[in-house]
Protein chains: 2
Amino acid sequence: MMDVLRYRADEIWGFCGSVLEKLSVPQEDAETVSDCLLQADLRGVDSHGVIRLPVYAGRIRKGVVNPRPKPRIVMSYAAAALLDGDNGLGAVVGSQAMENAINLAALSGIGLVGVRRSNHFGIAAFYVGKAIQRNFIGVAASNAPPHMAPFGGRSRLLGTNPFAVGIPAGKRSPLLFDASTSVVARGKIIVAAQERKPIPDGWAIDCEGNPTTDAAAALAGSVLAFGGPKGSAISFIIDILCGVLTGSAFALHLNTLENLGAEQNLGHVFVALRTDLFMPTQEFAARMDAILEMLSVSPPAAGVERVLAAGELETQNEARNRALGVPLAASVVDQLATLGGELGVAFPDALGPAGEAEVPA
Amino acid sequence: MMDVLRYRADEIWGFCGSVLEKLSVPQEDAETVSDCLLQADLRGVDSHGVIRLPVYAGRIRKGVVNPRPKPRIVMSYAAAALLDGDNGLGAVVGSQAMENAINLAALSGIGLVGVRRSNHFGIAAFYVGKAIQRNFIGVAASNAPPHMAPFGGRSRLLGTNPFAVGIPAGKRSPLLFDASTSVVARGKIIVAAQERKPIPDGWAIDCEGNPTTDAAAALAGSVLAFGGPKGSAISFIIDILCGVLTGSAFALHLNTLENLGAEQNLGHVFVALRTDLFMPTQEFAARMDAILEMLSVSPPAAGVERVLAAGELETQNEARNRALGVPLAASVVDQLATLGGELGVAFPDALGPAGEAEVPA
């Protein structure tokens, strides 16, 4: 199994920020991107954490991401606006867009901000978390390069187009749903292929579109959308809203993150909604607590301790990782230390090894 | 197998309208409800078609649905409003709400209308179809009584909470996605139980929360959400937006359609969005045609003729059923004829038997 070490969260955050500043990213923007990456690792979504810093750095160095963008609103209505991201880092552009959506919602009840000319924005939960902090309901979605066959197809067309919904509550933790539209992250199939292990049925298809449990065949083929035709359609709709509607690239036109030869022109959509739209906010909060309580006390299936709300597991991860330190795989640390070395930024020392049982699944 | 006969669409529509008018529903409202039910049968979604007329009639007769509602806007913002449905039939209330959402969107870019004190609204596609006709993007969702266990649970808590998204295109047919948040309609499990046939794995759980292929055990247990934890969370979010946010009943508080002893107080949410928000509408239409074309020519999996967009199959059904007549099961016809007999409305004559191959799946 992989070696995993724990690091102080503030030191990892500081490292990311320093690396980005060395690459000409302004301090405030560097902090925003560091917030986004660190939050993913804290929540146990390590596929979207600091593991992405090297490719972000690579894209800036190759000139296909603008380190000092000036995102600007190019069209606006009472409740909607279009933000041109000026090819900046997704976390920078997305944070501004969610802020704009919240401001529109404060005035008009609901606000939608479409974004064009952006880049990989990390976890969608980062943006809806900002809405929750301001006591707004938030929705965030992004399109992504084609890695997924549509339902009934055998070739990659759809991105794993993620979306998140955040809803504040009262005494209970907010609901924070964040998911890709694929059954499973492609990264898990890569790991299985490396370890020459089969993958579960239903995760992927081979080049011919046939179901496969062979990880290598799956990598040559395509991951599947969650929920069959329904998830496939949801992924397609996200691409329409984020890509087609905003004027961004979409579907087969989207360049991958790893191809440093071209811009991505990703699109996002952010929506904010007032919690006091139809009743006083305290009443909404009490009703949220009531439905979350119903879910929490709902009788669990055999072998399940308790029914969890979306985001509960990640909130538990975050509390543990803030206390014990951020767990990072040694292979990720190696890449980050190399990157830091090239830029004259020292990688922090580990607090110690993370016990196997403590590592987020 | 069940006997299925075909009927003239206009005659079925007239029958529904006459029945509703006999029950004190105003002519215009009766026509709206008939439109909604007939459209479901035409599209091949017979679970939401005229098969529902007897229970609608039963609820009006028992006084738990108001046949002559005066739905009214009780709160409004530049881009959002709350409609009190006055306990009217869902199709009547929902049609007005979508109209209001479109009007808000025309002014403010996006419009959201929440609905409280409504009833079963039939197919969600009916409402987003109205948005498409006006060249708006439409979203419609409703909560529903608890028939589904949450992911990790064994008891019913969630409705099969449906949602639809409609997006106009140019030369190509619009995208029209409409789905429940369950893996499969409960009606299919009822049929399997009657025929003493097993159901596929993954459809349902028994009372203990264990997966089952026994249809009777599944009926005593719970249907499952589509896509595991993701679909379960989406269903929960729909209940929050339709029920918690609007002030309607939610989750365990929702009365079933079949229990004629109490009002339902269902909630809905409708959203409309301008297609010319961020570019001229012709350009949006051309981009929609482009992404729909990409999907259509995407190489199909083995055994699949062509990758279909959401709603394509239903559009094909509608064309066939308009030409050949609406297919209705003899058991449904019996119920409708009995209802008509009680109210002095003659049920139309059949055009003839529907061939097995012609019946929508």
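Trainee: I'm lost on the sheet that holds strand β7 (residues 175-179) of chain A in this one. Help?
Mentor: Either a parallel or an antiparallel arrangement is found when strands of a sheet pair, and the pairing is made through backbone hydrogen bonds. Residue and element names in this part refer to chain A. Read from one edge to the other, the open sheet built from 7 strands follows the order β2-β3-β4-β11-β5-β6-β7, with strand pairing classed as mixed. Both edges of this open sheet fall to β2 (72-76) and β7, since each of them pairs with a single strand only. Along the sheet, successive strands turn relative to each other by an average axial angle of 15 degrees, direction set aside. Across the sheet, helix α8 (residues 229-244) touches β5 (136-142), β6 (163-167) and β11 (266-274), and the angle it forms with β11 is around 100 degrees.

Trainee: Would you mind showing me how to read the interface of chain A and chain B here?
Mentor: A common way to state how big an interface is: give the accessible area lost once the parts meet. Between chain A and chain B, the residue contacts involve 60 residues of the former and 60 residues of the latter. Here the side of chain A that touches chain B takes 8 residues from α8(A), the largest share from any one element. Across the side of chain A that touches chain B, the residue classes tally to 42 nonpolar, 13 polar and 5 charged.

Trainee: Help me understand the domain arrangement of chain A in this model?
Mentor: Residue and element names in this part refer to chain A. Here the domain parsing of chain A yields domain 1 (4-61 + 322-353), domain 2 (72-180 + 230-277) and domain 3 (183-224). Each of domain 1 and domain 2 has a C-alpha centre, and the two are 23 Å apart. The partner domain 2 presents 12 residues to the 15 residues of domain 1 that form the contact. Residue assignment for the side of domain 1 that touches domain 2 shows that the elements contributing at least two residues are α2 (27-42) and α3 (53-61). Taken together, the residues that form the side of domain 1 that touches domain 2 break down as 7 nonpolar, 4 polar and 4 charged.

Trainee: Whenever I open this one, the confidence of the model for chain A confuses me. Can you help?
Mentor: When pLDDT is averaged along chain A, the result is 95; 98% of the residues meet or exceed 70. Listed scores for the predicted complex are pTM 0.96 and ipTM 0.96.

Trainee: What exactly am I supposed to notice about the relation of the copies chain A and chain B here?
Mentor: Between the two copies of the chain lies a rotation about an axis combined with a shift along it. After a rotation of 180 degrees and a shift along the axis of 0.0 Å, chain A superposes on chain B with an RMSD of 0.0 Å. What we have between these two chains is a two-fold relation. Of the C-alpha atoms belonging to chain A, the one lying closest to the rotation axis is found on G227(A), 1.9 Å away. Comparing interface residues between copies, 100% of those in chain A also sit at the interface in chain B, which points to an isologous, same-surface contact.

Trainee: What am I meant to see in the sheet that holds strand β10 (residues 222-223) of chain B here?
Mentor: If you walk across this open sheet you meet the 3 strands as β9-β8-β10 (chain B), and the pairing is antiparallel. In this open sheet, the two edge strands, each paired with only one partner strand, are β9 (211-212) and β10 of chain B.

Trainee: So what exactly am I meant to see when it comes to the pairing of strand β6 (residues 163-167) of chain B here?
Mentor: Each regular strand shows side chains that alternate between the opposite faces of the sheet. All names here are of chain B. The element β6 is largely enclosed, with a buried count of 5 among its 5 residues. Side-chain alternation along β6 places F163, V165 and I167 on one buried face and A164 and G166 on a second face that is also buried. Sheet topology note: the strand β5 (residues 136-142)/β6 ladder contains 4 bridges and is antiparallel. Along β6, the bridge assignment pairs A140 with A164.

Trainee: How should unusual backbone geometry be read in this particular structure?
Mentor: Most peptide bonds are trans, and most residues other than glycine sit at a negative phi. Residue and element names in this part refer to chain B. Phi at S24 takes a positive value of approximately 80 degrees, unusual for a residue other than glycine. By the secondary structure assignment, S24 is in the loop between α1 (9-22) and α2 (27-42). Residue classification places S24 among the partly exposed residues on the basis of 13 C-beta atoms within 10 Å. The residue N135 is not glycine, and still its phi comes out positive at about 65 degrees. Here N135 is to be found in the loop between α5 (125-133) and β5. N135 sits in the partly exposed class, given 15 other C-beta atoms within 10 Å.

Trainee: Explain α5(B) here, please?
Mentor: Turn by turn, an α-helix covers 3.6 residues, leaving residues three or four places apart pointing in a common direction. Residue and element names in this part refer to chain B. With 8 of 9 residues buried, α5 is to be regarded as a mostly interior element. Listing the buried residues of α5 in full gives A125, F126, Y127, V128, G129, K130, A131 and I132. Tucked inside the fold, the buried residues of α5 contact α2, α4 (90-108), β5, β6, β7 (175-179) and β11 (266-274). Within two residues after α5, N135 carries a phi angle of roughly 65 degrees, on the positive side.

Trainee: Just to check I follow, could you spell out the environment of R8(B) for this structure?
Mentor: Residues and elements named next belong to chain B. In this fold, R8 is placed in the loop between β1 (4-7) and α1. Assessed through the 15 C-beta atoms surrounding it within 10 Å, R8 is described here as partly exposed. With residues near it in sequence (within four places) discarded, R8 still touches G325, P348 and L351.

Trainee: Would you take a moment to explain the packing of helix α9 (residues 281-296) of chain A against helix α8 (residues 228-244) of chain B for this structure?
Mentor: The relative placement of two packed helices is expressed as an angle between their axes plus a distance between the axes. Contact geometry for α9(A) and α8(B): axes closest at 11 Å, N-to-C directions at 145 degrees. The two elements α9(A) and α8(B) meet at a crossing, and its hand is right-handed. Listed contacts from α8(B) to R287(A), M288(A), I291(A) and L295(A) of α9(A) are F236(B), D239(B), I240(B) and V244(B). Grouping the amino acids of the contact of α9(A) with α8(B) by side-chain chemistry returns 6 nonpolar, no polar and 2 charged.

Trainee: Explain the packing of α4(B) against α5(B) here, please?
Mentor: Residues and elements named next belong to chain B. It is the contact of α4 with α5, at a shortest axis distance of 10 Å, that shows an interaxial angle of 30 degrees. In the packing of α4 onto α5, the handedness of the crossing is right-handed. The residues of α5 that touch α4, namely those facing A91, G94, S95, M98 and I102, are F126, Y127, K130 and A131. Looking at side-chain class alone, the contact of α4 with α5 contains 6 nonpolar, 2 polar and 1 charged residues.

Trainee: How should the environment of V74(B) be read in this particular structure?
Mentor: Residue and element names in this part refer to chain B. Examined against the element boundaries, V74 turns out to sit in strand β2 (residues 72-76). Considered as a pair, V74 and G247 are 173 residues apart in the sequence and their alpha carbons are 12 Å apart. Those residues in contact with V74 that lie beyond four places of it in its chain are L82 and D84.

Trainee: What am I meant to see in the pairing of strand β1 (residues 4-7) of chain A here?
Mentor: Residues and elements named next belong to chain A. Judged from the 4 bridges that link them, β1 and strand β12 (residues 326-329) form a sheet pairing that is antiparallel. Of the residues in β12, the one forming a bridge with V4 is A329. Examined bridge by bridge, β1 and strand β13 (residues 352-353) share 2 bridges and lie antiparallel to one another. Paired with L5 across the strands is P353, a residue of β13.

Trainee: What's the story with the environment of K188(A) in this structure? I'm lost.
Mentor: Residue and element names in this part refer to chain A. The topology assignment puts K188 in helix α6 (residues 186-194). Given 16 C-beta atoms within 10 Å, K188 falls into the partly exposed group. Along the backbone, K188 and V128 are 60 residues apart, and their C-alpha atoms lie at a distance of 26 Å.

Conventions adopted
- In this numbering scheme, every chain counts its residues from 1 along its sequence in written order.
- Chains carry letters from A onward and ligands carry numbers from 1 onward, assigned in written order.
- In keeping with the model being predicted, local features are shown solely for residues with a pLDDT of at least 70 and side-chain atom pairs are shown and tallied solely at 80 or more, while totals for entire chains, interfaces and linings include all residues.
- Pairs of strands are assigned from DSSP output, requiring at least two bridges between the strands.
- For the purposes of this entry, the term helix denotes a DSSP run of H or I that reaches at least four residues, the term strand denotes a run of E that reaches at least two, and both are numbered from the N terminus.
- A fitted line through C-alpha atoms serves as each axis, taken over the contacting stretch for helices, and the angle formed by two N-to-C directions is quoted from 0 to 180°.
- Residues are defined as contacting one another if the C-beta atoms placed from their backbone atoms lie within 7 Å.
- When residues are grouped by polarity, Ala, Val, Leu, Ile, Met, Phe, Trp, Tyr, Cys and Pro land in nonpolar, Asp, Glu, Lys and Arg in charged, and all others, Gly among them, in polar.
- Residue ranges for the domains originate in an automatic or database domain assignment.
- Values of pLDDT, ranging from 0 to 100, describe the predictor's confidence in every residue of the model.
- The superposition of copies rests on a least-squares fit of C-alpha positions from residues with pLDDT of 70 or more in both.
- Think of it as a crowd count around each C-beta: if 20 or more other C-beta atoms lie within 10 Å the residue is buried, if 12 or fewer it is exposed, and in between it is partly exposed, with C-beta placed from the backbone throughout.
- For any helix crossing, the convention is left-handed if the near helix is rotated counterclockwise from the far helix by under a right angle, and right-handed if that rotation is clockwise.

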